[in-house]
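Notes for the structure review
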Amino acid sequence: MYILNPTSISNTFKTKSKIVKDYLVKNNIPLLSNQEGFFYFSKTKKLQEALDNLPIHLREEVKNE
Amino acid sequence: MNKLSFAISKFDLMEVSNSELMKVRLWIVSEGDNQHEKPIPWTAIENARPTLIGKPVVAMYNRYSQQLMGHELDEVPVGVILCDNDIFYEIDEEGKRWLCADGIIWCRYAKDVAFVLDRDQIQNLSMEIVIIESGENNSIESFCFSGITLIGTTPAIPNARAEVLSFSKVKEEIEHLMYDFKIPSIVKQNAEKGIFLKQNNPKGATAVNISIANQLINNEFVSLDLLHNIIKFSAKTKTETAQYLLGGFESLEWAENIINPQIEKFEEVKKEEEDIVPTEEIEKFEEMVAEQQEEMGADANVEAVAQAELADKQAETDKVLAEESKEQMAEEVVLEETEETMAEEVILKEDEDNFQAKYTDMSEKYEEMYNKYSALEVQMSEITAKMSTSEDQMAIYMSENEQLKKFKSDIEEKEMLSVIEYTLTEVMESMPKEQMEELREDAKNFSSENLNIWVNKVKAEAFSFSKWKTNNDGIMKVGLPFANENNKTESKSLWDKI
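Residues numbered from 1 in each chain as written. Chains lettered and ligands numbered in written order. Predicted model: local features only at pLDDT ≥ 70, side-chain atom pairs only at ≥ 80, totals over all residues. Heavy atoms only, no water.

Here's the deal with the overall build of chain A
Here is the rule we go by: Helix and strand definitions follow DSSP, with helices as H or I runs of at least four residues and strands as E runs of at least two, each counted in order from the N terminus. Only protein chains enter the area calculation, which uses a 1.4 Å probe; residues under 20% of their type maximum are buried, those over 50% are exposed, and those in between are partly exposed. The contact criterion used throughout is that any non-hydrogen atoms of two residues lie within 4.5 Å. The accessible surface values rely on the Shrake-Rupley method and a 1.4 Å probe; as for residues, cover is taken only from the protein chains in view.
Helix and strand counts for chain A stand at three helices and four strands. Secondary structure of chain A in N-to-C order comes out as β-β-α-β-β-α-α. Looking at chain A as a whole, 46% of its 65 residues qualify as buried. In chain A, 56% of the contacts between residues at least 6 apart in sequence involve partners at least 24 apart. For chain A, the computed accessible surface area is about 3700 Å², with 50% contributed by carbon and sulfur atoms.

Next comes the structure, spelled out in structure tokens:
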């Protein structure tokens, strides 16, 4: 399921980093949307677990946004 | 100047055209929760169904991994969902309702995607949607489709997939649909039993019943006409033979189970059609009635006269109708009889057609068998010819072999005789002639292989005779304890040289 108007829904996590997006997709977290340079993911338990276990260099990328 | 013409039949054109398309079954969206934790109610899916028509199937191929990618900004259309007839609902093994569609992939313009689908036969899928209304608990209450994406990553809706529809899958589906029309084995057995009973008790074994029995035995699937006939003639059967010829009680139950729902459906549709009366016609009818009432009210006397006339006319028409009904009753009786004969004729015609079809099949099979048999005969004649030549060659080889064996035995015998004579000449001086003759006789017990034993035996015998023999030449011979240097042979050994 891929949404073309992600701003119409709440409870999402968005990132500009393609590396972070690739890491999350590789960890079986489906991409919700990709609009205007942002990658959107639904805020779920699975996403939270993946973010908690992010590698250090990716954690820095998320922090810098 | 001669013109060149090329004729291509419509069938060839369709075949070529279809080879450029690949049909895929798309399991798009199911009711309930998904990995985004944004549940979609079934009503929202039903409402979004019409927006799926004409929408593209998109994908992005990664030539390095030779897999499809996820949702990308530069994904390209690779196919389409054509029309409403291709969209339908399905229930999966877990009992979940799915919105499915049969999509088409353009093999010529999406070679890479067609290659991946052909290789894997199944591919993950994701829908691209525009949300119109979202409800509480993050649920999606209203949405419309903008495309279907074939992806190589994990889909948000578990088990959302695209399956390549092959000929075998279509066949399986048709077989599933035809399952109800498959003649049960018990019905076939009953029909066979009826044929057997007919020989002892032919009462009730009419041509129609026998033909129905034959059709039940010989065919795998049943036609609707035959089911109608089974129900029709089962009601009239009185004997056991006739009952079994029609497939027994199980046959009647099975036929009714198939026919009755169809009749119910037909009646429902008919009722719906009858219930729908155009509102315009009703309005017109009401206007007409109103006009007539106005005219009636204007002239009451005219109405009374008209009523009297109507009563007379009704009495006359009643009489005519009574006579007509009597005639109709008589005609109906004749019609029923003719219907039965017509049904019998139809079934007999079907039998004839079946027989002709079987006869043609049999003749084709016979021709095939005859061709195979003639080919085998040719092969057999070739094999026998080869066998005869090989037998002649074998006889020649055998005779040559026997000659060689004889030659070998002769040579061996000569060699043996020469060895015997040589050994005997060696011991001739020291052995008496009688003893030599005995040993010569004894040599016949030995062969060329174990002749050495005989030679040793002869030498041992000769030694025993020569042991005590003295030389009369007057010279005393004494053996020296060292070897004569002149007799030394030249050795190549390094130790000897040192």
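A word on the pairing of strand β5 (residues 76-80) of chain B
Residues and elements named next belong to chain B. Basically, it comes down to this: Pairing between strands is defined by DSSP: at least two bridges between the two strands are required.
The pairing of strand β2 (residues 56-59) with β5 spans four bridges and is classified as antiparallel. Paired with A59 across the bridge in β5 is V76. Sheet analysis places β5 next to strand β7 (residues 97-106), joined by two bridges and oriented antiparallel. In the strand pairing of β7, G79 is matched with I105.

Overview of unusual backbone geometry
With the exception of glycine, the majority of residues adopt a negative phi angle, and the majority of peptide bonds are in the trans configuration. The backbone phi angle of A:N11 is positive, close to 60°, even though this residue is not glycine. As for its placement among the helices and strands, A:N11 is situated in the loop between β1 (2-3) and β2 (12-15). Residue A:N11 is classed as partly exposed on the basis of its relative accessible area of 36%. The phi torsion at B:E37 lies on the positive side, around 55°, for a residue other than glycine. Residue classification places B:E37 among the partly exposed positions, given a relative accessible area of 37%.

A word on helix α5 (residues 185-200) of chain B
All names here are of chain B. Spelled out, the test is: Multiplying 1.5 Å by the helix residue count minus one yields the expected span of that helix. As used here, the arc belongs to the directions running from the helix axis to the C-beta atoms.
Across its 16 residues, α5 extends 24 Å between first and last C-alpha, which sits within 8% of the 22 Å expected from 1.5 Å per residue. Among the residues of α5, those classed as buried are V187, N190, A191 and G194. Mapping the buried residues of α5 onto a view down its axis gives an arc of 100°, with all of them on the same face. Relative to its buried face, α5 has exposed residues pointing more than 90 degrees away, namely S185, F196, Q199 and N200.

Quick word on the pattern of salt bridges
Note the threshold: Salt bridge, as used here, is a side-chain nitrogen of Lys or Arg placed within 4 Å of a carboxyl oxygen of Asp or Glu.
Applying the stated criterion across every chain, the model contains 13 salt bridges over all chains. The salt bridge involving B:E437 is made with B:R440; its shortest N-O contact spans 3.5 Å. With B:E437 and B:R440 both in helix α12 (residues 433-442), this residue pair falls three residues apart, about one helical turn. Looking at B:R440, the relative accessible area reads 29%, which means it is partly exposed. Salt bridges sharing common partners tie together A:K18, A:K21 and A:D22.

Things to note about the interface of chain B and chain A
Formally: Two parts lose some accessible area (1.4 Å probe) when they are put together, and adding that loss for both gives the buried area. Definition of a polar contact: a pair of N or O atoms within 3.5 Å, with one able to donate and the other able to accept a hydrogen when the atoms are protein atoms, and with sequence-neighbouring residues admitted only if both atoms are side-chain atoms. Asp, Glu, Lys and Arg are counted as charged, while Ala, Val, Leu, Ile, Met, Phe, Trp, Tyr, Cys and Pro are counted as nonpolar; the rest, among them Gly, fall into the polar class.
Each side of the interface is counted separately: chain B has 23 residues, and chain A has 21 residues. For the pair chain B and chain A, the summed buried area comes to about 1900 Å², and 56% of that belongs to carbon and sulfur atoms. Three residues stand out in chain B for area buried against chain A, namely B:H36, B:H71 and B:I131, and they jointly supply 30% of the buried area on that side. Seen at the junction of chain B and chain A, the total is zero salt bridges. The interface formed by chain B and chain A holds nine residue pairs in polar contact (both at pLDDT 80 or more) in total. No other element matches the seven residues that strand β8 (residues 122-134) of chain B contributes to the side of chain B that touches chain A. For the side of chain B that touches chain A, a count of residues per class yields nine nonpolar, ten polar and four charged. Pairing of β1(A) with β8(B), which is carried by two bridges, proceeds in the parallel orientation. From the neighbouring strand, A:I3 faces β8(B), where its bridge partner is B:I129.

As for a nonpolar patch on the surface
Here is the rule: Without a salt bridge and with relative accessible area above 30%, a residue can belong to a patch; like charges are then joined within 9 Å and nonpolar side chains (Val, Leu, Ile, Met, Phe, Trp, Tyr) within 5 Å.
Taken together, the side chains of B:M380, B:I383 and B:M387 define a hydrophobic patch exposed on the protein surface, amounting to about 320 Å² of accessible area. Relative to the assigned elements, B:M387 resides in helix α11 (residues 300-426).

Some words on the packing of α5(B) against helix α6 (residues 207-218) of chain B
All names here are of chain B. Using the following cut-off: Angles run from 0 to 180 degrees between N-to-C directions of axes, and those axes are lines fitted to C-alpha atoms, restricted for helices to the stretch in contact. Just so you know how the angles are binned, under 35 degrees is roughly parallel, over 145 roughly antiparallel, 65 to 115 roughly perpendicular, and the rest oblique. Each crossing gets its hand from how the near helix is turned against the far one by less than a right angle, where anticlockwise is left-handed and clockwise is right-handed.
At a minimum axis distance of 9 Å, the contact between α5 and α6 shows a crossing angle of 140°. With respect to their mutual orientation, α5 and α6 come out oblique. The handedness of the crossing between α5 and α6 is left-handed. For the pair formed by α5 and α6, the contact residues are V187, K188, A191, E192, I195 and K198 on the first element and I210, A213, N214, L216 and I217 on the second. Classifying every residue of the contact of α5 with α6 by side-chain character gives seven nonpolar, one polar and three charged.

Some thoughts on the nonpolar core
Residue and element names in this part refer to chain B. Let me state the cut-off plainly: We define the nonpolar core as a collection of buried residues of types Ala, Val, Leu, Ile, Met, Phe, Trp, Tyr and Cys that are connected through side-chain atoms lying within 4.5 Å of one another.
Among the nonpolar cores identified, the biggest contains 50 residues, and I28, M127, F145 and L150 are the most heavily contacted of them. For this core, the element with the most residues is strand β1 (residues 21-30), which contributes six residues. Residues contacting L150, with those up to four places away along its chain left out, are L26, V57, V58, A59, L68, M69, V78, I105, V113, L117, N124 and A162. Core analysis: the next-biggest nonpolar cluster, separate from the first, contains 22 residues, V187, A191, A213 and L226 among them.

With respect to the confidence of the model for chain A
Stated precisely, the cut-off is as follows: For every residue, the pLDDT score states the predictor's confidence, bounded by 0 at the bottom and 100 at the top.
For chain A, the average pLDDT comes to 90, and 100% of its residues sit at 70 or higher. The least confident element of chain A is helix α3 (residues 56-64) of chain A, whose mean pLDDT is 84; the most confident is strand β4 (residues 38-42) of chain A, at 93.

A few points about the packing of aromatic side chains
Residues and elements named next belong to chain B. Basically, it comes down to this: Planes of paired rings set the category: under 30 degrees apart is stacked, over 60 is edge-to-face and the rest tilted, where pairs are Phe, Tyr or Trp rings (Trp by its six-membered ring) whose centres lie within 6.5 Å. For a ring to carry a charge above it, either NZ of a lysine or CZ of an arginine must fall within 6 Å of the ring centroid while also lying within 35 degrees of the normal to the ring plane.
Inspection of every chain in the model, using the stated rule, returns four aromatic pairs over all chains. Ring geometry for F143 and F145: centres 5.3 Å apart, planes at 80°, overall edge-to-face. This pair shows no difference in class: F143 is buried, exactly as F145 is. Positioned above the aromatic ring of Y89 is the side chain of R49, whose terminal nitrogen or guanidinium carbon lies 5.1 Å from the ring centre.

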